[in-house]
Amino acid sequence: MARTRHPLAALVALFAFLAVLVPLGAGPARAESNGGVKVMPLGDSITDGFNVPGGYRVGLWQKFTAAGYRVDLVGSLFNGPAGLGDHDHEGHSGWTIQQIDANVGNWLRTQNPHTILLHIGTNDIYGSDPAGAPARLSSLIDHITAQAPNAELFVATITPLGFLDSTVRAYNAAIPGIVRSKADAGKRVHLVDMYNALTTADLADGVHPNAGGYDKMANVWWRALLSVPGSIGEPSSATAGSAPHGAGPAARAA
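The text that follows walks through the structure, step by step, so that each part is easy to find. (Residues numbered from 1 in each chain as written. Predicted model: local features only at pLDDT ≥ 70, side-chain atom pairs only at ≥ 80, totals over all residues. Heavy atoms only, no water.)

## Side note on the environment of S139
Tracing the backbone shows S139 in helix α6 (residues 133–147). Residue class for S139 comes out partly exposed when judged on its relative accessible area of 33%. (Helix = DSSP H or I, 4+ residues; strand = E, 2+ residues; numbered from the N terminus. Buried < 20%, exposed > 50% of the residue type's maximum accessible area, 1.4 Å probe, protein only.)

In structure tokens form, the structure reads like this:
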């Protein structure tokens with residue numbers, strides 16, 4: 001009797017294909033430095049901003065500028081709308097943890113970021129070895145902290161998927177322990193809970209956030225950055241008093 005292909009397999013294959021697509025306007029970085037603190041958005045298509053060019057970087061950049069922080073987003077790639085004042089990033093569509101790991105040393109040497117925003121692992125979930133993803137993430141963190149020991153590394157749990165939720169949860173459940181072990185060893189590594197900030201209603205296609213989902217991601221990154229003094233420098237005195245809601249002491253203590 002012929003075996004019928006399960007619909008989920010076809011769905012996973014479709015999402016895997018979608019994840020490798022690069023939105024229009026993507027290309028090499030153009031080094032839009034404003035002389036601010038170097039922040040590297042690092043990850044896959046969700047960092048790139050699939051479906052919504054610029055993704056969370058748009059909302060996060062707007063928070064930086066509204067609160068008077070001078071931040072220089074860095075990376076070898078470039079995309080996003082005009083409202084995103086700095087388009088540089090390291091969001092590689094379709095990439096796994098291992099692919100990021102194989103290239104991150106060169107990126108860090110080239111860009112020398114002070115702060116790194118890492119959201120990676122989504123493509124590993126529907127890969128051949130999702131159970132090994134936590135170990136691969138741990139190795140990636142080790143390589144980043146060895147190459148850039150003075151950088152502040154923010155490691156996020158990955159956003160929900162419209163399928164394989166138990167696998168996503170298993171991967172995310174391992175991340176706090178990994179981060180804690182690195183921090184206990186004196187590394188500048190910080191946990192960011194991204195999974196619980198979004199639901200599947202915030203996804204455009206079962207994988208990538210929609211505009212509202214990316215805005216939620218921007219809020220989570222913003223609060224995490226404010227909780228670590230110096231991760232994005234200090235706001236200019238001219239605008240520090242008019243920082244948007246969420247930029248005050250409560251957010252710093254979150």
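## With respect to the pattern of salt bridges
Inspection of every chain in the model, using the stated rule, returns six salt bridges. Across the salt bridge formed by D202 and K216, the nearest N and O atoms sit 3.0 Å from each other. With D202 in the loop between β8 (189–192) and α8 (211–226) and K216 in helix α8, this residue pair connects regions lying 14 residues apart in the sequence. On the basis of relative accessible area, D202 is assigned to the buried category, the value being 8%. When its relative accessible area of 33% is taken as the criterion, K216 is described as partly exposed. Here the residues in one salt-bridge network are D124, D129 and R136, joined through shared partners. (Salt bridge = Lys/Arg side-chain N within 4 Å of Asp/Glu carboxyl O.)

## Considering the pairing of strand β2 (residues 37–43)
Across the seven residues of β2, six count as buried, placing the element largely inside the fold. Pairing geometry for β2 and strand β3 (residues 71–73), over three bridges, is parallel. When the bridges of β3 are listed, V39 appears paired with L73. Where β2 and strand β6 (residues 115–119) come together, five bridges link them in parallel fashion. Counted as the bridge partner of P41 is L117 from β6. Here β2 pairs with strand β5 (residues 88–91) via two bridges, running parallel. For L42, the partnering residue across the bridge sits in β5 and is E90. (Pairing = 2+ DSSP bridges.)

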